[in-house]
Amino acid sequence: MFFELSLLFSSILTLCCCQYVHTPTQIKSFFEREEIIPDVLIYSPEKELKVKYGDEKCNFGTAYSASEVKEPPKVKWEHEPGAYYTLIMIDPDVPNKKNPILREYQHWLVVNIPESRTMEGQTLTEYLGVIPEQTKSIHRYVLFVYKQPGKKPINFDLMYKDKTPNNSTRGKFHTQNFAEAYKLGNVTFGNFFLSGMVLDPRYDDNMDEEYRKIGAKIDLTKPSDDDDF
């Protein structure tokens, strides 16, 4: 009997740890820590957008090299049945955080996503990973998901953007204005990562001093778990 109770307690404890969920207050603090609020948004996402590059989860400030984010990540969120969503990925630090004349630079824009099936959505801006020659200093790469109003796709009157790295039309995007124009309301899900050099700063002995600061941010939060992540 004692053994069975111990086993049950252990299982419950493991389950609770694996299903750790960040609170809205925690998420807000992560976005404020990196000044994404107020640089990009006024209000914080309420829930975590689950993002995974390869085998590594993006965890509110994970540091990635350019090669690690070359391909689109897996993304997942808690969707409502029959609802449509918009996914946005931007870099507010082009050419750099001190002089962001191209803020915000679009890296990915997919609209009319049924539930959380991103591949079935309408791509307005093709995914573009980190551009090494643009990122001599730390850049913040932010991903948002908005729930679209109603239960039907929206007509987004925007020009399609291909993968051309220096496509000037990707720059000077404004997430907040975009959301207001299409009545998307406040952002529901969000996450972000840091990058800025070809070599992964966690393993490069020659990284500059600015990148050494990333090390203190990598493991500040507990990762949430999921069957697909």
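Residues numbered from 1 in each chain as written. Predicted model: local features only at pLDDT ≥ 70, side-chain atom pairs only at ≥ 80, totals over all residues. Heavy atoms only, no water.

Break down helix H2 (residues 24-33) for me, with residues and values.
Along H2, the positions that sit buried rather than exposed are Ile27, Phe30 and Phe31. The buried residues of H2 occupy an angular sector of 95° when projected down its axis, which confines them to one face. Looking at the buried residues of H2, the elements they touch are helix H3 (36-39), strand S1 (47-48), strand S9 (139-147) and strand S10 (189-195). Among the residues trailing H2, glutamate 35 stands out with phi positive, at a value near 60°. (Buried < 20%, exposed > 50% of the residue type's maximum accessible area, 1.4 Å probe, protein only. Helix = DSSP H or I, 4+ residues; strand = E, 2+ residues; numbered from the N terminus. Arc of directions from axis to C-beta. Contact = heavy atoms within 4.5 Å.)

Explain the pattern of salt bridges residue by residue, including any values.
Under the counting rule described, the total for this entry stands at 11 salt bridges. Between aspartate 93 and arginine 103 there is a salt bridge, and its shortest N-O distance comes to 3.8 Å. One end of the pair, aspartate 93, is in the loop between strand S6 (84-91) and strand S7 (105-114); the other, arginine 103, is in the loop between S6 and S7, and 10 residues separate them in sequence. Sharing partners across several salt bridges, the network here consists of Asp39, Asp93, Arg103 and Arg140. (Salt bridge = Lys/Arg side-chain N within 4 Å of Asp/Glu carboxyl O.)

Tell me about the sheet that holds strand S2 (residues 50-53), residues and numbers included.
Taken in spatial order, the three strands line up as S3-S2-S5 in an open sheet, and their pairing is antiparallel. The open sheet is flanked by strand S3 (56-57) and strand S5 (74-76), the only strands paired with a single partner. Note that S2 and S5 share three bridges and pair antiparallel. Bridged to lysine 52 within S5 is lysine 74. (Pairing = 2+ DSSP bridges.)

Describe the confidence of the model for the chain, and please don't skip the residues or the numbers.
Detailed conclusions should not be drawn from predicted coordinates in areas where pLDDT is low. The predicted model of the chain averages 80 in pLDDT, with 74% of residues at 70 or higher. Note on residues 1-18: pLDDT under 50 across the span, and two contacts to partners over four residues away in sequence or across chains. This model gives residues 198-226 a pLDDT under 50, and the stretch forms 56 contacts once residues within four places in sequence are excluded. (pLDDT = per-residue confidence, 0-100.)

Break down the packing of aromatic side chains for me, citing the residues and quoting the values.
Aromatic rings in a pair are described by how distant their centres are and how their planes are angled relative to each other. Under the criterion given, the structure shown has 15 aromatic pairs. Between phenylalanine 178 and tyrosine 182, the aromatic rings sit 5.2 Å apart at their centres with planes inclined by 50°, giving tilted as the arrangement. By relative accessible area, phenylalanine 178 is classed as buried at 5%. In textbook terms, an aromatic cluster arises when at least three aromatic residues are bridged by ring pairs, as seen for Phe30, Phe31, Phe60, Phe144 and Phe192. (Phe/Tyr/Trp six-rings, centres within 6.5 Å; stacked < 30°, edge-to-face > 60°.)

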